[in-house]
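Read off the chains here:
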Amino acid sequence: MSIDKELREELRQVSASMNCPPELYGRVRQSYQHYVNEKRGRFSMKKRILAGVIGMAILVPSAVFASPYLADMIFGSVETIEQYGGTQEEYQEIEAMLQVAKGKLTEEEFQEYTELTKQLMQLRLKITNEYGVSDVKKLTPEEQQQWDELGAKLTPYFEKITGSTEP
Amino acid sequence: MNDKELLPWLEKATNGDESAFELVYQATHEDVYRTVAFLVYNKQDIEDIVNEVYMRMWRSFHNYDPSRPFRFWLHGITVRLVQDWKRKAWRRIRLFERNRQMTCEEFVWTDKAVLQSEMQHDLFSLVRQLSYKLRVVVILRYYHDYALEEIADMLQIPVGTVKSRHHLAMKELRKRFEMTGGDAYVH
């Protein structure tokens, strides 16, 4: 027999007597379970990161577009009403009301509503002194008429928003 | 079950299917264990490496090229991990009581069954005395029947190096085999 054949034969015979100890199975299985848990953990971590990225992608542009207060569309900025004795909280209240309106009205209605409110508020600011006291008598007759008209036009919107007729 | 049929199970196992894991383990563990046991002698180390081979199997399955035989990939992982272990062991030995380790290792830890085989099989006992670099070529060539080119690919060394190691190993085996009186077989 050549040494090659002899070697093959001996290695085959010897390997047949080298048996993997059965207790090794438990150990390999444990490592496997550890691997599976780690993989699952990593997977859900990936998902969480992905969700975070998507969330950011949605939030960032909407934050950019929404960051001007709705109330800014009417007053320009919070400083405008502060000049007339308004406070930050009142501004926030108006803001909240506008947000509600935005939710309840259609886009067209909301645009109309903000436009009318804007006109009304401009008149209102005209008649309001620096202590926040309004006096309708300060308006010219034309302005008074406009005031009434605006009030009438806004009423249905208020009804829609709050369910009450009071402006 | 042949290796082609094993692949879908291996994929399932890497995705966390425990019954698939069991099947893959049953189909491969003797092969992995024996390959490692031919290359490393310390019983505890063999088990550590086998465990590590399975870990590597799950983690790098996505790197497996399905156009190549599964066993080739598996043996590649096994041999690389044995080599990693050798490197680490060498460092460990250098740091702690190198001499004591080297003299005790083979006698204290070797599996009884292997010792028995060694007594009954002269040639095998000679293979075990070869240096690791020569032995790994002999095992891959004569136990796993790989061509020298495949061995070069697996060990990531030039074919010329494999050829010279193979030649050297056989020369050594022939020489020692004759000395132990087994010359009647060597022709």
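From a predicted model like this one, the values you see are computed outputs, not experimental measurements.

Q: Give a detailed account of the packing of helix H9 (residues 148-155) of chain B against helix H10 (residues 159-179) of chain B, specifying residues and quantitative values.
A: All names here are of chain B. Viewed as axis vectors pointing N to C, H9 and H10 meet at an angle of 115°, and their least axial separation amounts to 8 Å. Taken together, the axis directions place H9 and H10 in an arrangement best described as roughly perpendicular. Relative to H10, the crossing made by H9 is right-handed. Listed contacts from H10 to Leu148, Glu149, Ile151 and Ala152 of H9 are Val159, Val162, Lys163 and His166. Classifying every residue of the contact of H9 with H10 gives 5 nonpolar, 1 polar and 2 charged.

Q: Can you break down a nonpolar patch on the surface residue by residue, with the values?
A: Residues and elements named next belong to chain A. On the surface, Met45, Ile49 and Val53 cluster together to form a nonpolar patch covering roughly 290 Å² of accessible area. Tracing the sequence through the fold places Val53 in helix H2 (residues 23-66). Since its relative accessible area comes to 53%, Val53 is described here as exposed.

Q: Which residues make up the confidence of the model for chain B, and what are the values?
A: Within chain B, residue pLDDT values average 84, and 81% of them lie at 70 or more. Here residues 183-187 of chain B is modelled with pLDDT under 50, and outside its nearest four sequence neighbours on either side it reaches 13 contacts, counting other chains as well.

Conventions used here
- In this convention, every chain numbers its residues from 1, walking through the sequence in written order.
- Whichever chain is written first becomes A and whichever ligand is written first becomes 1, with later ones labelled in order.
- Note on the predicted model: pLDDT of at least 70 is required for a residue's local features to be given, and 80 or more for side-chain atom pairs to be given and counted; whole-chain, interface and lining totals, by contrast, use all residues.
- Here the side-chain values reflect all heavy atoms present in the structure, with hydrogen atoms and water set aside.
- In this analysis, axes come from line fits to C-alpha atoms, helices being fitted only over the stretch in contact, and the angle between any two N-to-C directions falls in the range 0 to 180 degrees.
- In DSSP terms, a helix is any run of H or I states spanning at least four residues, a strand is any run of E spanning at least two, and both are numbered starting from the N terminus.
- We call two directions roughly parallel when the angle between them is under 35 degrees, roughly antiparallel when it is over 145, roughly perpendicular when it lies between 65 and 115, and oblique otherwise.
- Helix crossings fall into two classes, left-handed where the near helix is turned counterclockwise from the far one by less than a right angle and right-handed where it is turned clockwise.
- Note on definitions: a residue-residue contact is assigned when non-hydrogen atoms from the two residues lie within 4.5 Å.
- Gly falls in the polar group here, along with every residue not listed as nonpolar (Ala, Val, Leu, Ile, Met, Phe, Trp, Tyr, Cys, Pro) or charged (Asp, Glu, Lys, Arg).
- Think of a patch as exposed residues, more than 30% relative accessible area, with no salt bridge, where like charges cluster within 9 Å and nonpolar side chains (Val, Leu, Ile, Met, Phe, Trp, Tyr) cluster within 5 Å.
- Throughout, the Shrake-Rupley method with a 1.4 Å probe supplies accessible areas, and for residues the shown protein chains are the sole cover considered.
- For this document, the term salt bridge refers to a Lys or Arg side-chain nitrogen within 4 Å of an Asp or Glu carboxyl oxygen.
- Only protein chains enter the accessibility calculation, which uses a 1.4 Å probe. A residue is then buried if its area is under 20% of the maximum for its type, exposed if over 50%, and partly exposed in between.
- Residue-level confidence of the predictor is summarised by pLDDT, bounded by 0 at the bottom and 100 at the top.

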